[in-house]
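Spelled out from the first residue to the last, the chains are:
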Amino acid sequence: MTFLSVAVEAAKLAGKIQLKYLNKEMHVRTKSTPFDRVTIADLECEKAVVQHIKKRYPYHNIIGEEGKYLRTDSPYVWAIDPVDGTNNYSKGYPFFCVSIGLAFKGKPIVGVVYDAFHRELFTAQRGKGARLNSKKVHVSSGKHLGESILVTGFYYDRSRIMEETLAQTRKFLKKGILGIRRTGSAALDLAYIAAGRADGFWELRLNLWDFLAGSLLVEEAGGRVTDRSGKKLDLERTSVVATNGKVHKEMLRIVNPT
Ligand code: IPD
Ligand code: CA
Ligand code: CA
């Protein structure tokens, strides 16, 4: 039993729960703001994933979006987003996933992003590449922003962060990029960068459970991931810029002008 196989099994359990409630009564409630939703699937998925991991690794630390878990002194930390893209999910818009990442001594070592609706399983292990349904994937090869599709997201904030993201979006569009996408699931956005379906992603604030798995996918697929100032990501709430590597500097010039 490897860390990866435990993460994959847990992701499949969550995917099943997500599909069970999709387009049915899902008891939607709001959290930090009226546009930050949680459903019964978020809670059930997190419970199933945490139980699955705890059964095998009772002393590992777990950071989940929906629950609080006892901290241990283990160097292993799992970060779980039981449903990434909850607002999409709650409307039946089929762009959501479960994201499970594992870090050892502050370094991501396993990442799993599972899109149950489209049956797409993205996996990565440090040093072993990134895969989509078992097939190796690689980031795109476009060298310039002009050839790029960029993806962004908005933290649950409708003031400063939103204004800044909108201003950056305008600047990117003026650079003549192919297009901007705002999909509603940061973890899947990162998986799509890893699979070469888009060229660059940025979001000004994300939590560890949103990006731990996806950031490893991008790096293992040959891409680059930093915060907005170009520094290595801290494993806590941060800005994230993830690209095919080639357009990274050009993106940072707009996301973090000096
Ligand atoms: C959200 C999604 C969204 C991103 C937000 C996240 P949630 O996660 O990843 O794309 O823009 O910042 O909070 O709430 O659906 O798990
Ligand atoms: Ca979530
Ligand atoms: Ca999330």
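Residues numbered from 1 in each chain as written. Chains lettered and ligands numbered in written order. Predicted model: local features only at pLDDT ≥ 70, side-chain atom pairs only at ≥ 80, totals over all residues. Heavy atoms only, no water.

1. So, a positive patch on the surface
Right, so step 1: On the surface, K175, R224, K249 and R253 cluster together to form a positively charged patch.
Right, so step 2: Within the secondary structure layout, R224 lies in strand 13 (residues 224-226). (Patch = residues over 30% accessible without salt bridge, like charges linked within 9 Å, V, L, I, M, F, W, Y side chains within 5 Å. Areas by Shrake-Rupley, 256 points an atom, 1.4 Å probe, with all protein chains shown as cover. Salt bridge = Lys/Arg side-chain N within 4 Å of Asp/Glu carboxyl O. Lys, Arg positive; Asp, Glu negative; His and termini not counted. Charge placed at Lys NZ, Arg CZ, Asp CG, Glu CD. Helix = DSSP H or I, 4+ residues; strand = E, 2+ residues; numbered from the N terminus.)

2. What to know about the pattern of salt bridges
Right, so step 1: Inspection of the entire model under this criterion finds seven salt bridges.
Right, so step 2: When the shortest N-O distance is used, the salt bridge between R126 and E219 registers 4.0 Å. Taken together, the residues R126 in the loop between strand 7 (120-125) and strand 8 (130-132) and E219 in helix 6 (residues 208-220) connect sequence positions 93 residues apart.
Right, so step 3: Assessed through its relative accessible area of 36%, R126 is described here as partly exposed.
Right, so step 4: E219 gets classed as partly exposed once you look at its relative accessible area, which sits at 34%.
Right, so step 5: Where R160 meets E164, a salt bridge forms, and the shortest distance between an N and an O atom there is 3.3 Å. Of this pair, R160 and E164 both sit in helix 4 (residues 160-174), four residues apart, which is roughly one turn of the helix. (Buried < 20%, exposed > 50% of the residue type's maximum accessible area, 1.4 Å probe, protein only.)

3. Digging into the layout of surface pockets
Right, so step 1: Within this model, the largest pocket holds a volume of roughly 590 Å³.
Right, so step 2: Every residue lining the largest pocket is counted, 32 residues in all, and those nearest its centre are D36, F154, Y155, Y156 and R182.
Right, so step 3: Where the lining of the largest pocket is concerned, the elements lending two or more residues are strand 4 (76-84), helix 3 (86-91), strand 12 (200-206) and helix 6.
Right, so step 4: Among the residues making up the lining of the largest pocket, the classes are represented as eight nonpolar, ten polar and 14 charged. (1 Å grid on protein atoms, 1.4 Å probe; cavity = no way out; pocket = protein on both sides within 12 Å on 5 of 7 lines; lining within 4 Å. Points joined across faces, edges and corners; volume = space filled by probe spheres on them. Nonpolar A, V, L, I, M, F, W, Y, C, P; charged D, E, K, R; others polar.)

4. Some details on the site of ligand 1
Right, so step 1: Near ligand 1, the surroundings consist of 17 residues, among which D84, G85, T86, Y156 and E203 are the closest.
Right, so step 2: Take T86: an N or O atom from its main chain is 2.9 Å from an oxygen atom of ligand 1.
Right, so step 3: G184 places a main-chain nitrogen or oxygen 3.2 Å from an oxygen atom of ligand 1.
Right, so step 4: In this structure the site holding ligand 1 corresponds to the largest pocket.
Right, so step 5: Only strand 4 and strand 12 provide two or more residues apiece to the shell around ligand 1.
Right, so step 6: Ranked by the residues each element gives to the shell around ligand 1, the list is headed by strand 4, at three residues.
Right, so step 7: The residue makeup of the shell around ligand 1, split by class, is six nonpolar, five polar and six charged.
Right, so step 8: Each of domain 1 (3-137) and domain 2 (145-255) accounts for three or more of the residues forming the shell around ligand 1. (Near = heavy atom within 4 Å. Polar contact = N/O pair within 3.5 Å; in protein donor to acceptor, adjacent residues only side chain to side chain. Sits in = over half its atoms within 2 Å of the grid points. Domains from an automatic or database assignment.)

5. Points about the coordination of the calcium ion (ligand 2)
Right, so step 1: Within the protein, E65 (OE), D81 (OD) and V83 (O) serve as the donor atoms for the calcium ion (ligand 2), at 2.1 to 2.3 Å.
Right, so step 2: Considered as a linear motif, the donors of the calcium ion (ligand 2) on their single chain read E-x15-D-x1-V.
Right, so step 3: Assessed through its relative accessible area of 1%, D81 is described here as buried. (Donors = N, O, S within 2.8 Å, 3.2 Å for Na, K, Ca; no water.)

Worth remembering: the numbers are spatial, not functional.
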